[in-house]
There are 2 protein chains.
Amino acid sequence: MTDPDPMLPLLWRGLVDQPAAAPKRGPKQKVSVDEVVDAGVEVADTEGLAALSMRGLAQRLGLGAMSLYTYVPGRDELVVLMVDQVLGRGDRPTLPADVRRRLELVAETALADYLAHPWLLEVAGLRAWLGPHAADRYEWQLTAVDGLGLGDVEMDQTVALLDGIAATTARAVQEVRAAERRSGLTELQWWEANADALGEAMAGRDYPLAGRVGQAAGELYQAATDPDRQFRFGLARIVDGLLVHLDREKSR
Amino acid sequence: MTDPDPMLPLLWRGLVDQPAAAPKRGPKQKVSVDEVVDAGVEVADTEGLAALSMRGLAQRLGLGAMSLYTYVPGRDELVVLMVDQVLGRGDRPTLPADVRRRLELVAETALADYLAHPWLLEVAGLRAWLGPHAADRYEWQLTAVDGLGLGDVEMDQTVALLDGIAATTARAVQEVRAAERRSGLTELQWWEANADALGEAMAGRDYPLAGRVGQAAGELYQAATDPDRQFRFGLARIVDGLLVHLDREKSR
DNA sequence: TTCATCCTCGTACAACGTACGGAATTGGAG
DNA sequence: CTCCAATTCCGTACGTTGTACGAGGATGAA
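Residues numbered from 1 in each chain as written. Chains lettered and ligands numbered in written order. Predicted model: local features only at pLDDT ≥ 70, side-chain atom pairs only at ≥ 80, totals over all residues. Heavy atoms only, no water.

## Describing the overall build of chain A
Counted only if it meets this: Segments assigned H or I by DSSP are reported as helices when at least four residues long, segments assigned E as strands when at least two residues long, and all are numbered from the N terminus. Two things to know: the radius of gyration comes from C-alpha atoms, and the globule rule equals 2.2 Å times the number of residues to the power 0.38. Here's how the labels work: a residue is buried when its accessible area is under 20% of the maximum for its type, exposed when over 50%, partly exposed in between, all with a 1.4 Å probe on protein chains only. Contacts are assigned to residue pairs with any non-hydrogen atoms lying within 4.5 Å of each other. Computed by Shrake-Rupley with a 1.4 Å probe, the accessible areas treat only the displayed protein chains as cover when residues are assessed. For this count, His and the chain ends are skipped, Lys and Arg are scored as positive, and Asp and Glu as negative. Every charge is mapped onto a representative atom, which is NZ of Lys, CZ of Arg, CG of Asp or CD of Glu.
When helices and strands are counted, chain A shows 10 helices and 0 strands. In chain A, the succession of α and β elements from N to C terminus is α-α-α-α-α-α-α-α-α-α. Taking 2.2 N^0.38 as the reference for a compact globule, 252 residues should give roughly 18 Å; the C-alpha atoms of chain A span a radius of gyration of 23 Å, well beyond that estimate. By its C-alpha atoms, chain A is 75 × 55 × 35 Å across when sized along the principal axes. In chain A, which comprises 252 residues, the share counted as buried stands at 49%. A separation of at least 24 residues holds for 71% of the contacts in chain A among residues at least 6 apart in sequence. Looking at chain A as shown, the accessible area adds up to about 12,500 Å², and 53% of this sits on carbon and sulfur atoms. Considering chain A, the positive charge centre built from 27 side chains and the negative charge centre built from 38 side chains are found 3 Å apart.

Written as structure tokens, this is what we have:
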């Protein structure tokens, strides 16, 4: 009915449209789409997604700003290509037999992806775009939860759940880093510098639990949050819950 | 040692610094910080966070653009204030006795917050800033997981886990909406329009599981994703896991 | 009445994505 | 060999953004 999405040929470039893909007339391109995307990934990895500008990227590639638009329709589309590109770079370990380790591995692998490329968390619509590497990754995630007794739909939901806690954890890590960059203080330093002001602000208000829990957490974490501990706790609960679910289904 | 954070007095405005807070000389302010923040929330709720510009907001308030900076240090800081503001608006239901319902309620309440104000998900330092309403909310969340036999630190981690799945779910909802806005097509329409192109692109590649699971999920969801079902499945597994954990701890 | 203090806001600047159109380059057709 | 259509490259320009700066006006204490 409607036009096909122009992003699909770009995402699957080189794997589709082999016939009549290259233009026959006109000058050669100075670089390639892959080089553009890789350069974008490098900028985003080192300076953050916000620092990725079309002008800057063009300069890095020895191009005029507007030349980029012959490779990529626009900045948003470039980012989509970057996402698929880095999803193909992560390790995809061979799967152990132990079910618990298998499930944990899905989350741990996703976490490694997000920590290696934190800007993935800033781009919305991750699941919406199906590029070749995203598809490979999804396929790998599904194999990890295959043969456990889950239904097809539940396999999808399980992968989403495990990927979700990885993303949440990576976000927590990223928030701490961002806060430290902004204030120039480590988390601990910030709390020390602002403990008085905060205590004064909260005076007259009752936070019995938050006060107690915050203190206990602060002493253990030596910070306000501890993403790593949160990940391990949350993942343990999720896997426990999944195993319970598997047992229940099996004995039906 | 270092200077206290200038955001704290702003976040806790009206609750601290009652003496000598108002300036004595000079003209009165045309509006109030609360009006500015509320107007910002209104814009973000209806048009999205990206549509919130200082100029636009000032005009809406009958102010010159630069006058906003006498109320708020900058756009980022305004957003922080907006976050705390809306966190004080959500329902905080009375807690049922049943443990499962209690845990579910924490996640469901958080989900309602995120769905009502999707731009919360775009704010990077959501958890970093402790304003009065964020503190109230955290205290309420802790009361929901209090008295279940969890340790102090585990209470914090449990709340984070439940809040996390709510955020993940709300993000999934938001991503679907964003994709539909961008393409002008509903998810189903997009898949119909692009099924051929995708099939051609993926030809020659093997996605046995993704193909099977995708089809099963698509038929059930009538879409590529179903955030609501994912939420219910994930939450059920998490609560199962938490209950298992509580049992184990109790019998030690 | 004077003056320090605070608010208001016009102007200006740098940076952004990108629309537009001309110049340059290429390969196939005649 | 010539010519032309196709394609890439890129300088210029527009609109939009956050906000630095400083002039002007309003206010209340001295």
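## Let's talk about the packing of helix α7 (residues 152–183) of chain B against helix α10 (residues 227–250) of chain B
Residue and element names in this part refer to chain B. Note the threshold: Axis lines are fitted through C-alpha atoms, for helices just across the contact stretch, and the angle between N-to-C directions can take any value from 0 to 180 degrees. Just so you know how the angles are binned, under 35 degrees is roughly parallel, over 145 roughly antiparallel, 65 to 115 roughly perpendicular, and the rest oblique. The classification used treats Ala, Val, Leu, Ile, Met, Phe, Trp, Tyr, Cys and Pro as nonpolar, Asp, Glu, Lys and Arg as charged, and all other residues, Gly among them, as polar.
Contact geometry for α7 and α10: axes closest at 9 Å, N-to-C directions at 170 degrees. One element, α7, and the other, α10, form an angle in the roughly antiparallel class. Across the interface between the two elements, E154, T158, L161, L162, I165, A166, T169, A172 and V173 of α7 pack against P227, F231, G234, L235, I238, L242 and H245 of α10. Counted by class, the contact of α7 with α10 contains 11 nonpolar, 4 polar and 1 charged residues.

## Notes on the interface of chain B and chain A
In plain terms, the rule: Buried area adds together the accessible area that both of two parts lose upon being put together, with accessible area traced by a 1.4 Å probe. Counted as a polar contact is a pair of N or O atoms within 3.5 Å, where, for protein atoms, one must be capable of donating a hydrogen and the other of accepting one, and residues adjacent in sequence contribute only when both atoms are in side chains.
The interface is formed by 72 residues belonging to chain B together with 74 residues belonging to chain A. The contact between chain B and chain A buries some 6,300 Å² in all, and 63% of this surface belongs to carbon and sulfur atoms. Counting every contact that joins chain B to chain A gives 19 residue pairs in polar contact (both at pLDDT 80 or more). Counting residues per element, the ones that place at least two in the side of chain B that touches chain A are α6 (132–144), α7, α8 (187–202), α9 (208–221) and α10 of chain B.

## Notes on the pattern of salt bridges
Threshold: For this document, the term salt bridge refers to a Lys or Arg side-chain nitrogen within 4 Å of an Asp or Glu carboxyl oxygen.
Counted under the stated rule, the structure contains 32 salt bridges over all chains. B:R248 is paired through a salt bridge with A:D240; the nearest N and O atoms lie 2.5 Å apart. With B:R248 in helix α10 and A:D240 in helix α10 (residues 227–250), this residue pair bridges two chains. A residue is classified by how much of its surface remains accessible, and B:R248, at 41% relative accessible area, is partly exposed. Because the salt bridges share partners, they merge into one network encompassing A:R100, A:R237, A:D240 and B:R248.

## A closer look at the protein's contact with DNA strand C
The condition is simple: A single heavy atom is enough: if one lies within 4 Å of a molecule or strand, its residue is considered near that molecule or strand.
Not every one of the 27 residues close to DNA strand C is listed here, only the nearest: A:K24, A:R55, B:K30, B:M66 and B:S67. Sugar and phosphate atoms form 54% of the subset of DNA strand C atoms that lie within 4 Å of the protein. The separation between a phosphate oxygen of DNA strand C and a polar side-chain atom of A:Y69 is 3.1 Å. In the environment of DNA strand C, a phosphate oxygen lies 3.0 Å from a nitrogen or oxygen atom belonging to the side chain of A:R75.

## Overview of the domain arrangement of chain A
Residues and elements named next belong to chain A. Here is the rule: Throughout, the edges of the domains are those of an automatic or database domain assignment.
Assigned domains of chain A: these are domain 1 (7–87) and domain 2 (99–250). Centre-to-centre separation of domain 1 and domain 2, based on C-alpha positions: 31 Å. Facing the 17 residues of domain 1 at the interface are 15 residues of domain 2. Counting each side, the surface lost to burial between domain 1 and domain 2 is near 1,500 Å², with a carbon and sulfur contribution of 75%. Our count for the contact surface shared by domain 1 and domain 2 stands at 5 residue pairs in polar contact (both at pLDDT 80 or more). Taken together, the elements giving at least two residues each to the side of domain 1 that touches domain 2 come down to α1 (7–11), α2 (33–47) and α4 (75–87). Among the elements that make up the side of domain 1 that touches domain 2, the one with the highest residue count is α4 (8 residues). By residue class, the composition of the side of domain 1 that touches domain 2 is 14 nonpolar, 1 polar and 2 charged.

## Some details on the relation of the copies chain B and chain A
Threshold: Least squares is the method used to superpose the copies, on C-alpha atoms of residues holding a pLDDT of at least 70 in both.
Structural alignment of chain B on chain A gives an RMSD of 0.1 Å, achieved by rotating through 180 degrees and translating 0.0 Å along the axis. Such a turn and shift between the copies fits a two-fold axis. Among all C-alpha atoms of chain B, that of B:G241 lies closest to the rotation axis, at 1.9 Å. Comparing contact sets, 100% of the residues at the interface of chain B also lie at the interface in chain A, consistent with an isologous, same-surface contact.

## So, the protein's contact with DNA strand D
Looking at DNA strand D, there are 27 residues lining it, with A:P27, A:K30, A:M66, A:S67 and B:R55 nearest. Those atoms of DNA strand D that come within 4 Å of the protein belong to sugar or phosphate at a rate of 53%. Here A:Y71 contributes a side-chain N or O atom positioned 3.2 Å from a phosphate oxygen of DNA strand D. A distance of 3.4 Å separates a sugar or linking oxygen of DNA strand D from a polar atom in the side chain of B:R25. For the surface near DNA strand D, the per-class residue count stands at 10 nonpolar, 8 polar and 9 charged.

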